[in-house]
Amino acid sequence: MSLVFSKSFDLFKAAKWILRKDIRSCLSSLPEKVEKTNADEDKMTRIGRRPRSQNPMLEYRHIYPEFLPDPNPNWRNSLREKLERADMLERRKQIDIPEFYVGSILAVTISDPHAQGKTNRFVGICIERKGCGLRAEFTLRNVVDHQGVEVRYELYDPTIQTIQVLRLEKRLDDKLYYLRDALPEYSTFPVDMDPEILPEGTTVPVNPVQVKLKPRPWLERWERQELKGVSNIEEHLKEKDRVRRELRKTPWEKYDLMKQYRKTVPIEDQNEIWGEVYNQLQQMRMSTKKTARKRVITAPKSQLG
């Protein structure tokens, strides 16, 4: 009995020694990896580019949200979604659809047989982006002649000729419907606005501006939506409005995991979708960058002599 116990004790000591050796070797190699990673990030920062993420396909869900299907399983159809993705890629070969977000300022030119020159160009801020697949759409808003004007475009509409990003940025909220009740200066942009070009590789800036709303009545009850981009909601509220807002609060919903799950597409489906379209989208982005670099800027010819 004592012999068996001594052998098992020796095996335990040997396993413990091997485990300590493995942990010691891992810890000794960790600082070198960290220093190397920090050095790479510093080098990328000096060059002016962002360090490439481990999985760049995860960034595509923000750049190309329309490629992800509806999270509601009752509205899912794998064959229809695959055919739509193929049509979307073919459309992107015909027209450059740039990266933009809610809060970006765009200029969209469409074919219009009733307009002078057979085209119509509209400049505005993107206040909404929704839909999936070929039903993806976005809305632009601008104030023209002291009148708020909104135009809703289908992202893959064949009548769209060009989509130009004049200012690429984000806002504090996912939707900017409250600009309809805000002061006009927050939605006024010149039609001849020059594009603002960001250096390649820089992160998309977030505009922290907070708009001021006009006095009530409003189109919606903005005080109940926990908006970050509005600064003077409390000034226009009465005591009964504050009481009703407190009664209708649902703070427990942030713990509802199933509700959050129903609003998102499973990561397995996302990986399958990006694995299907990633290479083609990457080639389109590279070809667009090469075309932009090859553009030759010619100086205007002198009219003298």
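Conventions and cut-offs
- Residues numbered from 1 in each chain as written.
- Predicted model: local features only at pLDDT ≥ 70, side-chain atom pairs only at ≥ 80, totals over all residues.
- Heavy atoms only, no water.
- UniProt positions renumbered as here; feature names shortened; annotations may be inferred.
- Helix = DSSP H or I, 4+ residues; strand = E, 2+ residues; numbered from the N terminus.
- Expected span 1.5 Å × (residues − 1).
- Buried < 20%, exposed > 50% of the residue type's maximum accessible area, 1.4 Å probe, protein only.
- Arc of directions from axis to C-beta.
- Polar contact = N/O pair within 3.5 Å; in protein donor to acceptor, adjacent residues only side chain to side chain.
- 1 Å grid on protein atoms, 1.4 Å probe; cavity = no way out; pocket = protein on both sides within 12 Å on 5 of 7 lines; lining within 4 Å.
- Points joined across faces, edges and corners; volume = space filled by probe spheres on them.
- Nonpolar A, V, L, I, M, F, W, Y, C, P; charged D, E, K, R; others polar.
- Phe/Tyr/Trp six-rings, centres within 6.5 Å; stacked < 30°, edge-to-face > 60°.
- pLDDT = per-residue confidence, 0-100.
- Contact = heavy atoms within 4.5 Å.
- Salt bridge = Lys/Arg side-chain N within 4 Å of Asp/Glu carboxyl O.

The name given to the protein chain in an unreviewed UniProt entry is Large ribosomal subunit protein bL19m, with the source organism recorded as Pieris macdunnoughi. Quoted verbatim from the Sequence similarities (unreviewed entry) field of UniProt, the annotation for the protein chain is "Belongs to the bacterial ribosomal protein bL19 family."

Draft legend 1. Quick look at helix α3 (residues 78-94). The end-to-end C-alpha separation of α3 is 25 Å, in line with the 24 Å expected for 17 residues at 1.5 Å each. Considered for burial, the residues of α3 that qualify are E81, E84, R85, M88, L89, R91 and R92. For α3, the arc enclosing every buried residue in end-on projection is 160°, short of the 170-degree limit, so these residues lie on one face. Away from the buried face of α3 by more than 90 degrees, exposed residues L79, L83 and Q94 are located. Between the side-chain oxygen of the N-cap and the backbone nitrogen of L79 there are 3.2 Å, and the N-cap of α3 in question is N77.

Draft legend 2. Just the layout of surface pockets, in detail. A volume near 1300 Å³ is recorded for the second largest pocket. Lining the second largest pocket are 31 residues, with R61, H62, P65, R129 and D174 positioned closest to its centre. Broken down by secondary-structure element, the contributors of at least two residues to the lining of the second largest pocket are α2 (60-63) and β2 (119-130). For the lining of the second largest pocket, the residue count by class is 13 nonpolar, five polar and 13 charged.

Draft legend 3. Local environment of the packing of aromatic side chains. Under the criterion given, the structure shown has eight aromatic pairs. When the ring of Y60 is compared with that of Y278, the centres are 5.3 Å apart and the planes differ by 45°; the resulting orientation is tilted. Here Y278 lies in helix α6 (residues 267-294) and Y60 lies in helix α2, a separation of 218 residues in the sequence. Relative to W222, the ring of Y178 lies with its centre 6.4 Å away and its plane at 85°, an arrangement referred to as edge-to-face. Of the two residues, Y178 sits in the loop between β5 (160-167) and α4 (239-247) while W222 sits in the loop between β5 and α4, which places them 44 residues apart along the sequence. Pair check on accessibility: Y178 and W222 agree, each one buried. Through a chain of ring-to-ring contacts, the aromatic side chains of Y60, Y64, F67, W274 and Y278 assemble into a single cluster.

Draft legend 4. Examining the confidence of the model for the protein chain more closely. Of the residues in the protein chain, 76% reach a pLDDT of 70 or more, and the chain-wide mean stands at 83. Between residues 1-5, whose pLDDT stays under 50, and residues either more than four places distant or in other chains, the model counts zero contacts. Throughout residues 26-53 the model reports pLDDT below 50, and contacts reaching past four residues in sequence, or to other chains, amount to 11 contacts.

Draft legend 5. How the structure looks around the pattern of salt bridges. Applying the stated criterion to the full structure yields 21 salt bridges. Notably, a salt bridge pairs R80 with E84, separated by 3.6 Å at the nearest N-O pair. With R80 and E84 both in helix α3 and four residues apart, the pair spans about one turn of that helix. With a relative accessible area of 11%, E84 lands in the buried category. Between E137 and K130 there is a salt bridge, with the nearest N and O atoms lying 3.7 Å from each other. For E137, a relative accessible area of 17% corresponds to the buried category. Among the ionic contacts, a cluster of salt bridges with common partners joins E128, K130, E137 and R152.

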